[in-house]
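Overview (structure and organization)
Residue strings, one per chain:
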Amino acid sequence: MGRSTVDDDVAPALELRGVRAAYGRIEVLRGVDLVVPHGCVFALLGPNGGGKTTTLNVINGRLPPTQGCVHIGGVHVNGASTARLARAGVCSVPEGRGVFPNLTVDENLLLATYSTDERSADEIRARAFARFPRLGERRNQVAGTLSGGEQQMLAMARALTVDPSLLLLDELSMGLAPVIVEGLYEAVADLAREGITILLVEQFARMALPVADYAGIMVHGRIAVVGEPGDLAGDLDAAYLGGSAA
Ligand code: ATP
């Protein structure tokens with residue numbers, strides 16, 4: 001999506017080198033190497049349990065790596081707090097969306113505005129509703145009664161209130177109908193065109209690949225293959241044993 005912004009002289013938006021990470025004594029990441037240039041969409045794919053969400057957790061500071069380096073915009077950020085990473089422009093939309101179900105759409109957005117002092121609540125809501133008109137139509141509805149797709153829009157709108165430079169999206173398509181997922185990925189493509197770098201995790205490749213500049217397949221704690229989406233078909237079939245990637 002944002003391929004035109006790639007410049008070899010500029011540090012990539014995100015780089016992981018030899019990253020290992022563990023939950024207690026169980027090692028889950030076993031040497032992850034990943035480079036995402038500025039303004040690009042990288043789709044991290046692969047079957048259940050390969051370590052995709054754990055990779056996001058290392059990048060957003062929730063899980064410190066036991067070995068290796070994480071660089072954001074050329075800055076070494078191993079061990080940085082989630083708050084510091086957020087100030088550096090890293091923002092996540094977690095699997096399961098992370099909206100407040102008992103608050104209205106307006107209130108969910110308003111809560112997000114408390115962490116930013118530069119823009120007014122009205123401006124933030126106007127931008128969210130311009131990007132996702134459905135949220136504007138449902139601004140007084142409690143989030144728990146929105147459809148899954150609308151909740152995902154709200155989660156993205158909340159993340160965007162802080163103007164991230166690196167957006168981490170975990171399983172955007174989870175539990176949603178393909179037509180809804182297509183709409184969400186159109187929004188992702190728009191964000192990349194606006195210059196936001198995006199790392200997205202998906203178990204199912206078909207929806208994510210059309211918006212991706214690069215993709216990687218994660219298996220057993222390593223990114224086994226990286227390439228442009230069109231080059232990965234055979235590897236995806238092998239990774240999923242010819243099943244769910246298609
Ligand atoms: P999924 O699509 O199932 O989330 P994934 O590729 O995102 O797959 P991870 O969620 O990163 O995989 O999980 C990798 C491995 O780490 C799995 O074996 C999982 O059971 C284990 N794991 C994940 N979270 C924890 C945790 N908090 N404590 C212990 N083990 C965990």
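Residues numbered from 1 in each chain as written. Predicted model: local features only at pLDDT ≥ 70, side-chain atom pairs only at ≥ 80, totals over all residues. Heavy atoms only, no water.

1. Quick notes on the overall build of the protein chain
The condition is simple: Runs of E in the DSSP output that reach at least two residues are strands. Runs of H or I that reach at least four are helices, and both are numbered from the N terminus. The reference for a compact globule is 2.2 Å times residues^0.38; the radius of gyration itself is calculated from the C-alpha atoms. For the exposure calls, accessible area comes from a 1.4 Å probe over protein chains only, and a residue counts as buried if that area is under 20% of its type's maximum, exposed if over 50%, partly exposed in between.
For the protein chain, the count of helices and strands is 9 helices and 10 strands. Against the compact-globule benchmark of 18 Å for 246 residues, the protein chain has a radius of gyration of 17 Å, which places it among compact chains. On the principal axes, the C-alpha backbone points of the protein chain span a range of 45 × 40 × 35 Å. Counting over 246 residues, the protein chain shows a buried share of 50%.

2. A short note on the side chain of Lys 52
Keep this limit in mind: Charge assignment in this entry is limited to Lys and Arg as positive and Asp and Glu as negative, and neither His nor the chain termini are counted. Whenever a carboxyl oxygen of Asp or Glu lies within 4 Å of a side-chain nitrogen of Lys or Arg, that contact is scored as a salt bridge. Contacts described as polar in this section are N or O atom pairs within 3.5 Å, which, within protein, must combine one atom able to donate a hydrogen with one able to accept it, while residues neighboring in sequence count only if both atoms come from side chains. Should any heavy atoms of two residues lie within 4.5 Å, those residues are considered in contact.
Residue placement: Lys 52 occurs in helix H1 (residues 52-59). Comment: no salt bridge for buried Lys 52; closest opposite-charge side chain is Glu 171, at 4.6 Å. Here the side chain of Lys 52 touches Gly 46 through a polar contact of 2.9 Å, landing on its backbone oxygen. If near-sequence neighbours (up to four positions away) are discounted, Lys 52 is found in contact with Leu 44, Leu 45, Gly 46, Pro 47, Glu 171, Val 201, Glu 202, Gln 203 and Met 218.

3. Considering the side chain of Glu 202
By secondary structure assignment, the location of Glu 202 is in strand E8 (residues 197-202). Although Glu 202 lies buried, it forms no salt bridge, and the closest oppositely charged side chain, Lys 52, sits 8.5 Å away as judged by the N-O distance. A polar contact of 3.3 Å, which involves the side chain of Glu 202, links it to the backbone nitrogen of Leu 172. Within the local environment of Glu 202, its side chain forms a polar contact with the side chain of Ser 173, the two groups lying 2.7 Å apart.

4. Section: the sheet that holds strand E6 (residues 90-93)
As a reminder of what qualifies: We call two strands paired when DSSP finds no fewer than two bridges between them. Axes, fitted as lines to C-alpha atoms, cover a helix only where it is in contact. Angles between the N-to-C directions of the axes lie from 0 to 180 degrees.
Across the sheet, which stays open at both edges, the 6 strands sit in the order E6-E7-E8-E3-E9-E10 with mixed pairing between neighbours. The sheet is open, and its two edges are formed by E6 and strand E10 (222-227), each paired on a single side. Sheet twist, expressed as the average angle between the axes of neighbouring strands with direction ignored, equals 20 degrees. Across the sheet, H1 is in contact with strand E3 (41-45), strand E7 (166-170), E8 and strand E9 (214-219); its angle to E7 comes to roughly 150 degrees. The strands that helix H7 (residues 178-193) touches are E3, E7 and E8; relative to E8, the one it contacts most, it runs at about 155 degrees.

5. Things to note about the nonpolar core
Note the following rule: Each nonpolar core is a collection of buried residues, namely Ala, Val, Leu, Ile, Met, Phe, Trp, Tyr and Cys, held together in the definition by side-chain atoms within 4.5 Å.
Ranked by size, the top nonpolar core spans 46 residues in total, and within it Met 156, Leu 167, Leu 169, Tyr 185, Val 188, Ile 198 and Leu 200 carry the most contacts. Here this core takes 8 residues from H7, the largest share from any one element. Residues in contact with Met 156, not counting those within four places in the same chain, are Val 93, Phe 132, Leu 169, Leu 172, Leu 184, Ala 187, Val 188 and Leu 191. Core analysis: the second largest hydrophobic core is formed by 29 residues, Val 19, Val 36, Leu 166 and Tyr 214 among them.

6. Some details on the pattern of salt bridges
Counted according to the given criterion, the structure contains 11 salt bridges. The partner of Arg 134 in a salt bridge is Glu 150, and the shortest N-O contact between them spans 2.7 Å. In this pair, Arg 134 is assigned in helix H5 (residues 133-137) and Glu 150 in helix H6 (residues 148-160), connecting sequence segments 16 residues apart. Look at Glu 150 and you get buried, because its relative accessible area is 4%. Salt bridges linked by common partners bring Asp 106, Asp 122, Arg 125 and Arg 139 together as one network.

7. Observations concerning the sheet that holds strand E2 (residues 26-36)
Either a parallel or an antiparallel arrangement is found when strands of a sheet pair, and the pairing is made through backbone hydrogen bonds. If you trace the 4 strands from one edge of the open sheet to the other, you get E2-E1-E4-E5, paired in antiparallel fashion. Since the sheet does not close on itself, it has two edges, and those belong to E2 and strand E5 (75-76), each with one partner. Note that strand E1 (residues 14-23) and strand E4 (residues 67-72) share 5 bridges and pair antiparallel. By the bridge assignment, Leu 16 is partnered in E4 with Val 70. Here H1 sits on the sheet in contact with E1, E2 and E4, set at roughly 110 degrees to E1.

8. Here we look at the environment of Gly 68
Position of Gly 68 relative to the elements: it lies in strand E4. When the C-alpha positions of Gly 68 and Asn 78 are compared, they lie 8.5 Å apart, and in sequence the two are 10 residues distant. Look past the residues within four positions of Gly 68 in its chain and what remains in contact with it is Arg 17, Gly 18, Val 19 and Asn 78.

9. Some points on the confidence of the model for the protein chain
Just so we agree on the cut-off: The quantity called pLDDT is the predictor's confidence in a given residue, expressed from 0 to 100.
In the predicted model, the protein chain carries a mean pLDDT of 87, and the fraction of residues at 70 or more is 91%. Contacts from residues 242-246, a stretch scored under 50 in pLDDT, to residues over four places away or in other chains number 7 contacts.

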